[in-house]
Amino acid sequence: MKAQTIEPAALARLAGKKNDFSVSVQPDDLGWVVYVHDKQGDRVLLDLESKAAAVFDALEAVKQRLLGLGVEHFEIGEMEKDEGYDQWLIGEVQAALDDPSPPVPHEEAIRRIRSAIHAK
C-alpha cells in the first residue's frame, strides 16, 4: 500500500494556520523521513520537486527544512539497534579501510547515492 504524501507548500500552510497537526521524524534505511499527522491521516513529506518522499541524511537537515516551512516542533523516532549491529558496523568500516581500490571523489559518491535514491 502506497503511503499518503504531503507537499512542502501544504505543510507550510498547515504551520502558518496553526492547524492541529504534529510532525515526527522516523529513521529509514536511507536516512530520516518526515511524517505529518493531522485529520487527513499520516502523510509522508515529499521532496522539493514533489516527486518522491524526502529522505534526509542528517537530523540537522530535517530541522532546517522544517524550520523553513514554519514547523518549530517535531518528535524524533528511535533507531532500533539489532543485536550484533556494532560488530557488523565495525566490520564494514574496517573492510572499507582495508579496500585497496582508489577512493571515489565526493561528487561522484553523492551522484551515485542520489541516483540510487531516485531509482527507488
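What counts and what doesn't
- Residues numbered from 1 in each chain as written.
- Predicted model: local features only at pLDDT ≥ 70, side-chain atom pairs only at ≥ 80, totals over all residues.
- Heavy atoms only, no water.
- Helix = DSSP H or I, 4+ residues; strand = E, 2+ residues; numbered from the N terminus.
- Rg over C-alpha atoms; globule rule 2.2 N^0.38 Å.
- Buried < 20%, exposed > 50% of the residue type's maximum accessible area, 1.4 Å probe, protein only.
- Contact = heavy atoms within 4.5 Å.
- Areas by Shrake-Rupley, 256 points an atom, 1.4 Å probe, with all protein chains shown as cover.
- Lys, Arg positive; Asp, Glu negative; His and termini not counted.
- Charge placed at Lys NZ, Arg CZ, Asp CG, Glu CD.
- Salt bridge = Lys/Arg side-chain N within 4 Å of Asp/Glu carboxyl O.
- Pairing = 2+ DSSP bridges.

**Student:** Hey, could you go over the overall build of the protein for me, with residue numbers and the actual values?
**Tutor:** Broken down by element type, the protein carries four helices and six strands. Along the protein, helices (α) and strands (β) appear in the sequence β-α-β-β-β-β-α-β-α-α when read from the amino end. Its C-alpha atoms give the protein a radius of gyration of 17 Å, more than 25% over the compact-globule value 14 Å for 120 residues. Structurally, the protein occupies a C-alpha span of about 55 × 35 × 30 Å along its principal axes. Among the 120 residues that make up the protein, the fraction classed as buried is 22%. Excluding contacts between residues fewer than 6 apart, the proportion of contacts in the protein whose partners are at least 24 apart in sequence is 53%. Per element, the accessible surface of the protein, about 9,200 Å² overall, is 53% carbon and sulfur. In the protein, 14 positive and 22 negative side-chain charges are present, and the distance between their average locations comes to 11 Å.

**Student:** Could you give me a rundown of the environment of Val104, with the residues and numbers involved?
**Tutor:** By the secondary structure assignment, Val104 is in the loop between helix H3 (85–98) and helix H4 (106–119). Distance in space between the C-alpha atoms of Val104 and Ala3 is 35 Å, their sequence separation being 101 residues. Excluding residues within four positions of it along the chain, Val104 makes contact with Ala109 and Arg112.

**Student:** Residue-level account of the pattern of salt bridges, with values.
**Tutor:** What the rule picks out here adds up to three salt bridges. Here Asp38 and Arg43 are joined by a salt bridge, their closest N and O atoms 2.6 Å apart. Judged on exposure class, the residue Asp38 and its partner Arg43 are both buried. Of the charged contacts, one joins Arg112 and Glu108 as a salt bridge, the two residues approaching to 3.0 Å between their closest N and O atoms.

**Student:** Residue-level account of the pairing of strand S2 (residues 22–27), with values.
**Tutor:** Sheet analysis places S2 next to strand S3 (residues 32–38), joined by six bridges and oriented antiparallel. In the sheet register, Val23 faces S3, and the bridge partner there is Val36. Hairpin connection from S2 to S3: four residues lie between these consecutive antiparallel strands, with Gly31 at a positive phi of about 160°. Bridge count between S2 and strand S6 (residues 75–76): two bridges; the pairing is parallel. By the bridge assignment, Ser24 is partnered in S6 with Glu75.

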